[in-house]
Amino acid sequence: MYAQMVDAGPERVRPAGEMSPEEQHFQERIDAGIKIEPKDFMPEAYRKTLIRQISQHAHSEIVGQLPEGNWITRAPTLKRKAILLAKVQDEAGHGLYLYSAVETLGVTREQTIEDLLSGKAKYSSIFNYPTLTWADIGAIGWLVDGSAIINQIPICRCSYGPYARAMVRICKEETFHTRQGFDIMLALCRGTPEQKAMAQDALNRWWWPSLMMHGPADSDSKHSAQSMRWKVKLFSNDELRQKFVDQTVPQAEYLGLKIPDPELKWNPERGHYDFGRIDWDEFYNVIQGNGPCNRERLRARIEAHEQGAWVREAAAAYARKHAQKKAAA
Amino acid sequence: MAAPLVEYLLRLGDNCLILSQRLSEWCGHGPVLEEDIALTNIALDLLGHARFWLSYAGEVEGAGRDEDKLAFLRDAGEFRNVLLVEQPNGDYAMTTARQFYFDTWHFHLLSALQQSTDSRIAAIAQKALKEVTYHLERSTDWIMRLGDGTEESHRRMQHAVDDLWMYTGELFEMDDIDAEMLRRGVGADLEALRPKWTEHLQKTFAKATLEVPPGKWMQRGGKRGVHTEKLGYLLAEMQFLQRAYPGAQW
Ligand SMILES: [Fe+2]
Ligand SMILES: [Fe+2]
């Protein structure tokens, strides 16, 4: 997803004439589809762009635990509870692989997390919306994990080896996440009128934020050309968003739900759905910290970190003592 | 009162269900990512065990109650879990103490239940024991880390084991149901688990530089449905959807 990339690295593509021989060789490798590995040469800007993108992605996985975690203790059946627990646990695992991928670029997990807690690093805007009903858990799986897959499948082919490999693992699990979300929606839509209304209400609230997840319009994301050249980004935001809409509209129809966009219409000439204008004002406000839950999400992470400090210190102290004892023995 | 076997299975299932519910409250809030994942994992294991026990309880009862009806539509007085597992998470030391007391007992209980004359119980115990072996290793490890970590962690850990001590007696209490199940070869001799539990605890606490709490007076009641104030809130949260939308399919 999750790497929404409002600020996606260098603004202009470096022309070949400005590149050092090393940089030219680097670009040739990328063009030839050879993966860049941690010990290989890489331009500083490439490294920085990747650190920012992968850490944003990692933070999104971790913060993303919160809105769904909100319903684990209230899941309506034991089976749903087990599925949701496993799903949210997967997201924590994704965070773990991605923090490791950032470490291969020379930044420790502690530092990366510090940047999240200080508010310096961003995470996907979508997790700043509240989960008000059980149907929101369905909508998140269906729409948010659905968007994540669309965004992430191309990243399995990105130029940086550790990121690409982490993404292969992650995408397998995201497929299961989307399916469980859709399945929750299906049960609600086949249920009582109240349940169906709950499902529709969730779609109404999550639809637009899901479209925003794919990042700013191409006309406003001047940073992505260099990222494309480096194969850190493979499709533009608008392409990915269109793909999401085209894929999701028939699913909503199957569920018997109405997408909350009066302008949504199949365009036979384009072979795609046309859709209404995204409220970019809302988008930028949520990114800048003014979403309904930004403060509480960050506070939850800070509290977990601060309240866990003595536990981490104890584990480290214990490990030190025992290493000494072993060395002495 | 229901048939002894149903009661017995409810006790087994409710212990797992309620502790799983408590552990799942940690999801997204653990002290470090690996622990967040580990706690969720244990919550998932216990939830799996709860589903086996409760489904079986429902079948034996024969009144049309499945795992969900039993989990979501009983009030606190009908829950049969020990008081220990419903105690709130508190800090990480409290969660660790609760888990260690329970895991040590759970491990020996399941080991005994593998010999049950009821083949279904024996099979569930055998499957669950694989997971619980890991739970016990992990909580034993954390008792040592926190007990013998820093000054602060030691203080917190000692406080936690002291605080929960009075809920451990109930684990070994043999009432009529337990006696009947033991007599039929279905259940375990809980009194016989006590020395094994105590031995592991003493060994672990010694390594962890913790004092075994001296208290002799124990709280009891969970197995008969007389709980602490904490359970009502836990159930209100857990059962909310099933109560608010009776009969709906999810
Ligand atoms: Fe994920
Ligand atoms: Fe996911």
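Shown above is the structure to which this text applies.
Caption draft 1: Examining the overall build of chain A more closely. Tallying secondary structure elements over chain A gives 13 helices and two strands in all. Compactness check: chain A gives a C-alpha radius of gyration of 21 Å against a globular reference of 20 Å for 329 residues, within 12% of the reference. The C-alpha extent of chain A, read off along each of the three principal axes, is 70 × 60 × 35 Å. Expressed as a percentage of its 329 residues, the buried residues of chain A come to 57%. Sequence-distant contacts, at least 24 apart, represent 79% of the contacts inside chain A between residues at least 6 apart. Accessible surface, chain A: about 14100 Å² in total, of which carbon and sulfur atoms supply 54%. One way to put it: in chain A the 43 positive side-chain charges average out to a point 6 Å from where the 42 negative ones average out.

Caption draft 2: Representation of the interface of chain A and chain B within the structure. Residue-level contacts link 47 residues of chain A with 47 residues of chain B. For the pairing of chain A and chain B, the buried interface totals around 4000 Å² over both sides, and the portion due to carbon and sulfur atoms is 68%. Across the contact surface, chain A and chain B share two salt bridges. In this structure, the salt-bridge partner of aspartate 148 of chain B is lysine 321 of chain A, at a minimum N-O distance of 2.9 Å. Between the two partners, chain A and chain B, sit 15 residue pairs in polar contact (both at pLDDT 80 or more). Partitioned by chemical class, the residues of the side of chain A that touches chain B number 26 nonpolar, 10 polar and 11 charged.

Caption draft 3: Region of interest: the coordination of the iron ion (ligand 1). All names here are of chain A. Surrounding the iron ion (ligand 1) are the protein donor atoms Glu61 (OE), Glu91 (OE), His94 (ND1) and Glu174 (OE), at 2.0 to 2.2 Å. Donor residues binding the iron ion (ligand 1) come from one chain and are separated in sequence as E-x29-E-x2-H-x79-E. In this structure, the iron ion (ligand 1) lies 3.4 Å from the iron ion (ligand 2), and both are coordinated by glutamate 91. Of this pair, glutamate 61 sits in helix H2 (residues 44–63) while histidine 94 sits in helix H4 (residues 78–103), placing them 33 residues apart in sequence. The same class applies to glutamate 61 and to histidine 94, which are both buried.

Caption draft 4: Layout of the state of the cysteines. Per the counting criterion, the structure on display carries zero disulfides over all chains. Here cysteine 293 of chain A is not disulfide-linked; the sulfur of cysteine 27 of chain B is the nearest cysteine sulfur, at 17 Å.

Caption draft 5: Broad picture of the pattern of salt bridges. All names here are of chain B. Scanning the entire structure with this criterion turns up 34 salt bridges over all chains. Of the charged contacts in the structure, one is a salt bridge between glutamate 35 and arginine 138, with a shortest N-O distance of 2.5 Å. In this pair, glutamate 35 sits in helix H2 (residues 33–61) while arginine 138 sits in helix H6 (residues 119–147), placing the two residues 103 residues apart along the sequence. Considered together, glutamate 35 and arginine 138 belong to a single accessibility category, that of buried residues. In this structure, aspartate 91 and arginine 156 form a salt bridge, with 2.9 Å as the shortest nitrogen-oxygen distance. Of this pair, aspartate 91 sits in the loop between helix H4 (83–86) and helix H5 (92–113) while arginine 156 sits in helix H7 (residues 151–164), and the two are 65 residues apart along the sequence. For aspartate 91, a relative accessible area of 23% translates into the label partly exposed. Classification of arginine 156 by relative accessible area gives partly exposed; the value is 23%.

Caption draft 6: Quick peek at the nonpolar core. If you look at the biggest cluster of nonpolar residues, it comprises 175 residues, and the most contacted ones within it are Tyr46, Trp134 and Tyr160 of chain A together with Tyr101 of chain B. In terms of residues, this core owes the most to one element, H2 of chain B, which gives 13 residues. In this view, tryptophan 134 of chain A contacts Trp71, Ala75, Pro76, Arg80, Leu84, Ile184, Leu188 and Met198 of chain A together with Leu241 and Trp250 of chain B; residues no more than four positions away in its chain are not counted.

Caption draft 7: Fine view of the environment of cysteine 16 of chain B. Residue and element names in this part refer to chain B. With respect to the helices and strands, the residue cysteine 16 is situated in helix H1 (residues 4–24). Separated by 65 residues in sequence, cysteine 16 and asparagine 81 have C-alpha atoms that sit 8.1 Å apart. Every residue in contact with cysteine 16, bar those within four places of it in the chain, is listed here: Leu46, His49, Ala50, Trp53 and His106.

Caption draft 8: View of the packing of aromatic side chains. Overall, the coordinates contain 20 aromatic pairs over all chains when judged by the stated rule. Pairing tryptophan 142 of chain A with phenylalanine 182 of chain A gives two aromatic rings, centres 6.0 Å apart and planes at 70 degrees, and the pair type is edge-to-face. Of the two residues, tryptophan 142 of chain A is situated in helix H6 (residues 134–152) and phenylalanine 182 of chain A in helix H7 (residues 161–189); the sequence distance between them amounts to 40 residues. When sorted by exposure, tryptophan 142 of chain A lands in the same class as phenylalanine 182 of chain A, which is buried. An aromatic cluster of at least three residues, connected via ring pairs, comprises Phe26, Phe41, Tyr46 and Trp230 of chain A. A cation sits over an aromatic face here: arginine 74 of chain A above tryptophan 71 of chain A, 3.6 Å from the ring centre. Here arginine 74 of chain B stacks its cationic end above the ring of phenylalanine 79 of chain B, 4.1 Å away from the centre of that ring.

Caption draft 9: Spatial organisation of the coordination of the iron ion (ligand 2). All names here are of chain A. Ligation of the iron ion (ligand 2) by protein atoms is provided by Glu91 (OE), Asp145 (OD), Glu174 (OE) and His177 (ND1), these donors lying 1.9 to 2.2 Å from the ion. Given four donor atoms and angles of 88 to 163 degrees at the metal, the environment of the iron ion (ligand 2) is assigned as irregular. All donors of the iron ion (ligand 2) come from a single chain, and their spacing in sequence reads E-x53-D-x28-E-x2-H. Glutamate 174 gets classed as buried once you look at its relative accessible area, which sits at 0%.

Calculation notes
- Residues numbered from 1 in each chain as written.
- Chains lettered and ligands numbered in written order.
- Predicted model: local features only at pLDDT ≥ 70, side-chain atom pairs only at ≥ 80, totals over all residues.
- Heavy atoms only, no water.
- Helix = DSSP H or I, 4+ residues; strand = E, 2+ residues; numbered from the N terminus.
- Rg over C-alpha atoms; globule rule 2.2 N^0.38 Å.
- Buried < 20%, exposed > 50% of the residue type's maximum accessible area, 1.4 Å probe, protein only.
- Contact = heavy atoms within 4.5 Å.
- Areas by Shrake-Rupley, 256 points an atom, 1.4 Å probe, with all protein chains shown as cover.
- Lys, Arg positive; Asp, Glu negative; His and termini not counted.
- Charge placed at Lys NZ, Arg CZ, Asp CG, Glu CD.
- Buried area = accessible area lost by both parts, 1.4 Å probe.
- Salt bridge = Lys/Arg side-chain N within 4 Å of Asp/Glu carboxyl O.
- Polar contact = N/O pair within 3.5 Å; in protein donor to acceptor, adjacent residues only side chain to side chain.
- Nonpolar A, V, L, I, M, F, W, Y, C, P; charged D, E, K, R; others polar.
- Donors = N, O, S within 2.8 Å, 3.2 Å for Na, K, Ca; no water.
- Disulfide = S-S within 2.5 Å.
- Core = buried A, V, L, I, M, F, W, Y, C linked by side-chain atoms within 4.5 Å.
- Phe/Tyr/Trp six-rings, centres within 6.5 Å; stacked < 30°, edge-to-face > 60°.
- Lys NZ or Arg CZ within 6 Å of the ring centre and 35° of its normal.
- Tetrahedral: all angles 85-135°; square planar, octahedral: opposite > 155°, others 65-115°.

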